[in-house]
Amino acid sequence: TRVAGLDCLPWTKRLRRWQARVLFLRRVMADYDPWPDVSDAALLETLEAWLGPFVDGYSRLKDLRQLDLTGALRAHLSWSQQQRLDALAPTHLVVPSGSRRPIDYHGETPLLAVRIQEMFGARATPVIAEGRQALLLHLLSPAGRPAQITRDLAGFWQNSYADVKKELQGRYPKHYWPDDPLNAAPTARARPA
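Here is a short report on the structure shown in this document. Position numbers for residues start from 1 in each chain and track the written sequence from start to end. Whole-chain, interface and lining totals are the exception, using all residues; otherwise, since this is a predicted model, local features are given only for residues with pLDDT of at least 70 and side-chain atom pairs are given and counted only at 80 or more. Remark: hydrogens and water are excluded; side-chain values derive from all non-hydrogen atoms of the structure.

1. So, the nonpolar core
Here the nonpolar core consists of buried residues drawn from Ala, Val, Leu, Ile, Met, Phe, Trp, Tyr and Cys, with membership extended through side-chain atoms lying within 4.5 Å. Each residue is assigned to one of three classes by its accessible area relative to the maximum for its type, calculated with a 1.4 Å probe on protein chains only: buried under 20%, partly exposed between the two thresholds, exposed over 50%. Within the largest apolar cluster, 52 residues are counted, with the highest numbers of intra-cluster contacts made by Leu9, Leu25, Trp50 and Ile116. Secondary structure elements are taken from DSSP: a helix is a run of H or I of four residues or more, a strand is a run of E of two residues or more, and numbering for both begins at the N terminus. Mapped onto this core, the elements with two or more residues apiece are helix 1 (13-28), helix 3 (47-51), helix 4 (69-74), helix 5 (79-88), strand 3 (111-115), strand 6 (136-140) and helix 6 (153-171).

Below, the structure is given as structure tokens:
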């Protein structure tokens, strides 16, 4: 496996997202709670220690398809960390419209992509990791393209929303563009129900 690299292991998108969440917590919680290094480089360096018990009896590379990679990776976390992972670095966030949107941890700052109308009424940028990290918001147009990227939702409503509204209202006239987004009903539809 060391020669073939980590790519010969049965990675899934879900496991890569798990890895990104743990690495995020390693960065932001370092002063409070040490999380393990599960980067590809660290995993490769300590391969025998963490993978060895899970591949006992395997003799061929194709045997790795049967590997419980989830179990092998989760063994890096203490029981307490396994219990707190979802609370500190959730996979999804329920936005004001009631929709459940995924959080992407692969960049430097966790990213939440959500349509602008679904955030109406939200006064502050959502935070994770016990309030230590504000999400990077990609506020999307009805077509799903970023209309604004911000870490400061309150500032967006106060300073930029009127210009963004004007531009998007011209392109998407059937959609809901209230003058006061802080007191408007959030919606996942073109217009509130």
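2. Structural notes on the sheet that holds strand 7 (residues 146-150)
Any two strands between which DSSP finds at least two bridges are classified as paired. Overall, mixed pairing links the 5 strands, which are arranged 1-2-3-6-7 in an open sheet. Bordering the open sheet on either side are strand 1 (92-94) and strand 7, each of which pairs with just one other strand. With strand direction ignored, the average angle separating the axes of adjacent strands in the sheet is 30°. Pairing geometry for strand 1 and strand 2 (residues 100-104), over 3 bridges, is antiparallel. What sits directly across from leucine 93, in strand 2, is arginine 101. Helix axes are fitted only over the stretch in contact, all axes being lines through C-alpha atoms; the angle between N-to-C directions runs from 0 to 180 degrees.

3. Quick look at a positive patch on the surface
A cluster of basic residues, Lys13, Arg14, Arg17 and Arg74, forms a positive patch on the protein surface. With 3 residues, helix 1 is the single largest residue contributor to the positive patch. With respect to the element layout, lysine 13 can be found in helix 1. Residue classification places lysine 13 among the exposed residues on the basis of a relative accessible area of 68%. Patch definition: residues with relative accessible area over 30% and no salt bridge; like charges joined within 9 Å; nonpolar side chains (Val, Leu, Ile, Met, Phe, Trp, Tyr) joined within 5 Å. Values of accessible area rely on a 1.4 Å probe in the Shrake-Rupley scheme; residue burial ignores everything except the protein chains shown. In the sections that follow, a salt bridge refers to a side-chain nitrogen of Lys or Arg positioned within 4 Å of a carboxyl oxygen of Asp or Glu. Two residue types count as positive, namely Lys and Arg, and two as negative, namely Asp and Glu; His and chain ends fall outside the count. Where a charge sits is defined by one atom per residue type, namely NZ (Lys), CZ (Arg), CG (Asp) or CD (Glu).

4. What to know about the environment of phenylalanine 120
With respect to the helices, strands and loops of the structure, phenylalanine 120 is situated in the loop between strand 3 and strand 4 (127-128). Classification of phenylalanine 120 by relative accessible area gives buried; the value is 1%. Sequence separation between phenylalanine 120 and proline 186 is 66 residues; the distance between their C-alpha atoms is 4.6 Å. If we skip the residues at most four places from it in the chain, phenylalanine 120 touches Pro96, Trp157, Tyr161, Tyr176, Pro178, Pro181, Ala184, Ala185 and Pro186. In this analysis, two residues are considered to be in contact whenever any of their non-hydrogen atoms come within 4.5 Å of each other.

5. Looking at the packing of aromatic side chains
Any aromatic ring pair is given by two values, namely how distant the centres are and how the planes are angled relative to each other. Only centres within 6.5 Å qualify two rings of Phe, Tyr or Trp (six-membered ring in Trp) as a pair; their planes then separate them into stacked at under 30 degrees, edge-to-face at over 60, and tilted for everything else. If you walk through the whole model with that rule in mind, you get 7 aromatic pairs. Ring centres of phenylalanine 120 and tyrosine 176 lie 5.7 Å apart, and the angle between their planes is 75°; this geometry places the pair in the edge-to-face category. Of this pair, phenylalanine 120 sits in the loop between strand 3 and strand 4 while tyrosine 176 is found in the segment after helix 6, placing the two residues 56 residues apart along the sequence. When the centroid spacing of 5.1 Å and the interplanar angle of 50° are considered together, the rings of phenylalanine 156 and tryptophan 157 count as tilted. Judged on exposure class, the residue phenylalanine 156 and its partner tryptophan 157 are both buried. Counting every residue linked through ring pairs, the aromatic cluster contains Phe120, Phe156, Trp157, Tyr161 and Tyr176. Over the ring of tryptophan 11 we find arginine 16; its NZ or CZ atom is 3.7 Å from the centre of that ring. Placement of a charge over a ring requires the Lys NZ or Arg CZ to be within 6 Å of the ring centre, with the centre-to-atom vector within 35 degrees of the ring normal. Its guanidinium or amino end placed over the ring of tyrosine 32, arginine 132 lies 3.6 Å from that ring's centre, counting from NZ or CZ.

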